[in-house]
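As a plain string of letters, each chain reads:
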Amino acid sequence: MPQGAGRLHLHPRLTAPGAPLKSPRMALREIIILPDKRLRQVSEPVQRITADLRALVEDMFETMYKAPGVGLAAIQVGVPQRVVTVDTAKKDEPQNPQAFINPEIVWSSEEKGTYEEGCLSIPEYYEEVERPAQVKVRYMDLDGKTQEVAANGLLATVLQHEIDHTNGILFIDHISRLKRDRVIKKFTKAAKREAE
Ligand code: NI
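Conventions we followed
Residues numbered from 1 in each chain as written. Predicted model: local features only at pLDDT ≥ 70, side-chain atom pairs only at ≥ 80, totals over all residues. Helix = DSSP H or I, 4+ residues; strand = E, 2+ residues; numbered from the N terminus. Buried ≥ 20, exposed ≤ 12 C-beta atoms within 10 Å, placed from the backbone. Contact = placed C-beta atoms within 7 Å. Expected span 1.5 Å × (residues − 1). Pairing = 2+ DSSP bridges. Axes fitted to C-alpha atoms, helices over the stretch in contact; angles between N-to-C directions. Core = buried A, V, L, I, M, F, W, Y, C linked by C-beta atoms within 7 Å.

1. Comments concerning the overall build of the protein
A tally of helices and strands in the protein yields three helices and seven strands. Taken from the N to the C terminus, the helices and strands of the protein come in the order α-β-β-β-β-β-β-β-α-α. In the protein, which comprises 196 residues, the proportion classed as buried is 33%. For the protein, contacts bridging at least 24 residues in sequence account for 65% of all contacts bridging at least 6.

2. Comments concerning helix α2 (residues 153–166)
Helix length check: α2, at 14 residues, gives a terminal C-alpha distance of 21 Å against a target of 20 Å (1.5 Å per residue), a fit within 8%. In terms of burial, α2 is largely enclosed, as 11 of its 14 residues are buried. Every buried residue of α2 is accounted for by L155, A156, T157, V158, L159, Q160, H161, E162, I163, H165 and T166. Just downstream of α2, G168 is the residue with a positive phi angle, here 75°.

3. With respect to helix α3 (residues 177–195)
Given a rise of 1.5 Å per residue, 19 residues ought to cover 27 Å, and the 27 Å separating the end C-alpha atoms of α3 matches this to within 8%. Counting buried positions over the 19 residues of α3 gives zero, only a small fraction of the element.

4. Considering the sheet that holds strand β2 (residues 83–86)
Overall, antiparallel pairing links the five strands, which are arranged β1-β2-β3-β6-β7 in an open sheet. Each of the sheet's edge strands pairs with one partner strand only, and the pair in question is β1 (71–73) and β7 (146–152). Here the average twist between neighbouring strands, direction ignored, is 40°.

5. Some details on the nonpolar core
Core analysis: the largest hydrophobic core is formed by 39 residues, its most contacted members being M60, A74, V83, F100 and L159. Elements represented by at least two residues in this core include exactly α1 (51–66), β1, β2, β3 (98–108), β4 (112–119), β5 (122–132), β6 (134–140) and α2. Among all residues touching M60, those that are not within four sequence positions of it are L72, A74, V77, V83 and T85.

6. With respect to unusual backbone geometry
With an omega dihedral of 5°, the bond running from L34 to P35 counts as a cis peptide bond. If you trace the backbone, P35 turns up in the segment before α1. Between A67 and P68 the backbone carries a cis peptide bond, its omega angle lying at -5°. Checked against the element boundaries, P68 lands in the loop between α1 and β1. Of note, the phi angle at N102 is positive, near 50°, even though the residue is not glycine. By the element assignment, N102 lies in strand β3.

7. Observations concerning the pairing of β6
With five bridges connecting them, β3 and β6 associate as antiparallel partners. When the sheet's bridge partners are listed, W107 is paired in β6 with K136. In sequence, β6 turns back onto β7 through a hairpin of five residues, with G144 there showing a positive phi of about 80°.

Dropping the structure here:
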């Protein structure tokens, strides 16, 4: 999800080739855009925490902050693994990077909440989505330990949005078919234009 999920947030291009990165180990990865079919792929569970996995998570944070966004799923950088990065800290708060490996929703509230959502893979498109207002998510942390988090507000929405990505589901799947068809058509046309 883009930061703030508001209409004012633009989606800047990735750093120009050759631009310096924060750390030599970290790298920006290219975010894939609708209608890229990989976005519909169901991601594989992570078996264990490896150096490659840690590098992926670092790159995802770098890519997410640069975009800027509040959440990113590995499939959005073309890696079909069940890995999600999130930071819902406000602009005036310190960064709060959180990584969720193999996240799954183990409980959702009856109560619903609505947020205007966006997605780094569907740039500059925002629509209101209703989801459970609270969720409990079980996941593995970067030490390989199983953890559980109770989330509400923005974090609950972001976690549901990102976990959807690990299952090949996009936020536009939660809006009306008319609106969904319209946005898919728009991005398909844009991709064709770019390919020409
Ligand atoms: Ni998204």
